[in-house]
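What the coordinates show
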Amino acid sequence: MSKLFYQGRGRKPVLDQARGVYMWDKNGRRYLDGSSGAMVCNIGHSNDHVLAAMQRQMEKSTFGYRLHFETEASENMAEKLAEKMPEGLDRVFFVSGGSEAVESAMKLARQYALAVGQGERWKIISRTPSYHGCTLGALATTGYTTLTAPFEPMMRVMPKVPAPRAYLDGLDPDAAATGRHYADMLARRIEEEGPENVLAFIVEPIGGASTGALVSPAGYLERVREICDQYGILLILDEVMTGAGRTGAFLGVDHWGVRPDIVVMSKGIGSGYAPLGAMVADRRLVEPVLDAGGFAHGFTYAGNPLACAAGLAVLEEIDRQDLCTNAAAMGEKLLARLNGLMQRHEIIGDVRGKGLLTAFEFMSDRSTKAPLPKQLNAHQRFVDIAYERGLIVYSRRTRDGVEGDHILVCPPLILNEGHIDEIIEGLDESLVQFA
Ligand code: PLP
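Reading guide: rules and limits
Residues numbered from 1 in each chain as written. Predicted model: local features only at pLDDT ≥ 70, side-chain atom pairs only at ≥ 80, totals over all residues. Helix = DSSP H or I, 4+ residues; strand = E, 2+ residues; numbered from the N terminus. Rg over C-alpha atoms; globule rule 2.2 N^0.38 Å. Buried ≥ 20, exposed ≤ 12 C-beta atoms within 10 Å, placed from the backbone. Near = placed C-beta within 6 Å. Nonpolar A, V, L, I, M, F, W, Y, C, P; charged D, E, K, R; others polar. Core = buried A, V, L, I, M, F, W, Y, C linked by C-beta atoms within 7 Å. Domains from an automatic or database assignment. Contact = placed C-beta atoms within 7 Å. Expected span 1.5 Å × (residues − 1). Pairing = 2+ DSSP bridges. Axes fitted to C-alpha atoms, helices over the stretch in contact; angles between N-to-C directions. Parallel < 35°, antiparallel > 145°, perpendicular 65-115°, else oblique. Left-handed = near helix turned anticlockwise from the far one by under 90°.

**As for the overall build of the protein chain**
- Assigned secondary structure in the protein chain consists of 14 helices and 15 strands.
- Expected size for 435 residues packed as a compact globule is a radius of gyration near 22 Å; at 21 Å, the protein chain falls within 12% of this value.
- Judged by the C-alpha coordinates and their principal axes, the protein chain covers about 60 × 55 × 45 Å.
- Scored against the burial criterion, the 435 residues of the protein chain give a buried share of 53%.

What follows is the structure, given as structure tokens:
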């Protein structure tokens, strides 16, 4: 019996090889990676340029502690990442994953408030549902009761506002009034919490696993920015899943041109080649913190040269292959094909997404938006059926631990139309079997 455990005891096939969008287990079975792992492998598996860059770095050095050395790999990666950020965001802090990046953003925001004499500010408002990570700080901002409830006594749960699920509330996501309607809930919450106590708002520009590719309604993020400015609150964009080209632009927020104060990233920037995350902050926030004595935070593996060399090569591949453009083009085709599936399969109640962050949601009745009964555990059953057919997709409950199931279809950004045919065929057959 394996000594390993994760969420459960379930034993999966042993991975042998992976290349491009495909993976093979030890028994020689092939899988199409229709979720890029957990929306991680944006540039696909076993990319030669990245492997060569990692090999070169390994031959030079694999570790240099940040208090002893800078490395060319981390300097170059920081430079390249900052180039891709909105104007003013050019201070880069490396970590090893998304939760660490979120923790870092929370702490930088807090230290900034202290440095500028606003020490009463500490509350970070977030949304329900949302996912910002599993460490206790990031979890305190996560709006997903199944994950948070056991740990509530151990953390200070942060205030929440509803995510803008226009499709459930019967509102038009393309109407400016809809974005304003949801954003104004943030303004009301700030007033309730006491504006002087509120430090930041953290938001995924396009919801990830928690909401199932929920695209921000028209005008929402723009209005959120106005509200943050009005109350002197920092805007933290959680781009852990949406970043690195996933949605057809380098950052999800680029679709709306809204300027964040801090961006947190992981997943796609390391693309599965190495554990890598980053917090990129406006220099206006970082400089006062450094002047006031420094950032009281840091992880041993921060700026690991091997991870940074991998990350730099990943970003180079995103540029060289123009993967943001491909994600946008293939995403449109994939979304259209998913809508075609919805016409054939009554059980699909909604299809949504942007670029190659797409999802469909099961419903027992489209007109009332009623979910499937929770006890069916539909999302997990569906994922298992597709897996048996050699198609990997990702799923979660949509409605905050209550009911509702969505399936995320988020293949690597190197996708072509032949892969889309294969994905749709696998989903179609799985849906027939599932019904
Ligand atoms: N933020 C978002 C939006 C995520 O999707 C995730 C992971 O799924 C995280 C944060 C946490 O990242 P990690 O699992 O690398 O700690």
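Once you've had a look at it, read on.
**Comments concerning the site of the ligand**
- Neighbouring residues of the ligand: 15 residues in total, closest G97, G98, S99, G133 and V240.
- Among the elements that line the shell around the ligand, the one with the most residues is helix α4 (residues 98-115), at three residues.
- Of the residues that constitute the shell around the ligand, the class distribution is six nonpolar, seven polar and two charged.

**With respect to the nonpolar core**
- Among the nonpolar cores identified, the biggest contains 130 residues, and A109, F201, I236, A278, M279 and A310 are the most heavily contacted of them.
- It is helix α11 (residues 305-320) that contributes the most residues to this core, 10 residues altogether.
- Two domains share this core, each providing at least three of its residues, namely domain 1 (15-46 + 322-434) and domain 2 (50-320).
- Not counting chain neighbours up to four residues away, the residues in contact with A109 comprise L199, A200, L234, I236 and I262.

**Considering helix α8 (residues 176-193)**
- In a regular helix each residue adds 1.5 Å, so 18 residues correspond to 26 Å; α8 covers 26 Å between its end C-alpha atoms and thus fits that length.
- Within the sequence span of α8, burial applies to T178, G179, Y182, A183, L186 and I190.
- Among the structural elements, β5 (123-128), β6 (160-162), α7 (166-169), β7 (198-203) and α9 (220-231) are those in contact with the buried residues of α8.
- Just past α8, the residue G194 takes up positive phi, approximately 90°.

**Topic: the environment of H419**
- Assignment of secondary structure puts H419 in helix α14 (residues 417-434).
- Each C-alpha atom, one on H419 and one on V21, is 8.3 Å from the other, the two residues being 398 residues apart in sequence.
- With residues near it in sequence (within four places) discarded, H419 still touches V21, L32 and P411.

**Some thoughts on the sheet that holds strand β15 (residues 405-409)**
- The four strands lie next to each other as β11-β12-β15-β14, forming an open sheet whose pairing is antiparallel. Of all strands in the sheet, those bounded by a partner on one side alone are β11 (348-354) and β14 (394-397). Between one strand axis and the next, the sheet turns by 20° as a mean value, whatever way the strands run.
- Sheet topology places β14 next to β15; four bridges connect them, and they run antiparallel. Paired with Y394 across the strands is L408, a residue of β15.
- Contacts between helix α12 (residues 323-344) and the sheet are confined to β11, β12 (357-362) and β15, with β11 contributing the most and set at about 175° to the helix.
- Sheet contacts for helix α13 (residues 378-388): β12, β14 and β15; angle to β14, the most-contacted strand, approximately 170°.

**Focus: the packing of α12 against α14**
- Closest axis-to-axis distance for the α12/α14 pair is 10 Å, and the angle between their directions is 25°. Relative to α14, the element α12 is oriented roughly parallel. By crossing handedness, the relation of α12 to α14 is classed as right-handed. In this structure, α12 uses M330, K333, L334, R337 and L341 to contact α14, whose residues at the interface are E417, I420, I424, L427, D428 and L431.
- Taken together, the residues of the contact of α12 with α14 break down into seven nonpolar, no polar and four charged.

**What about the domain arrangement of the protein chain?**
- Each assigned domain of the protein chain is listed here: domain 1 (15-46 + 322-434) and domain 2 (50-320).
- Listed as interface residues are 31 residues of domain 1 and, on the opposing side, 35 residues of domain 2.
- For the side of domain 1 that touches domain 2, the secondary-structure elements that each account for two or more residues are α1 (36-39), α12, β11, β12, β14 and β15.
- It is α12 that provides the largest number of residues to the side of domain 1 that touches domain 2, a total of five residues.
- Residue composition of the side of domain 1 that touches domain 2, by class: 14 nonpolar, 10 polar and seven charged.

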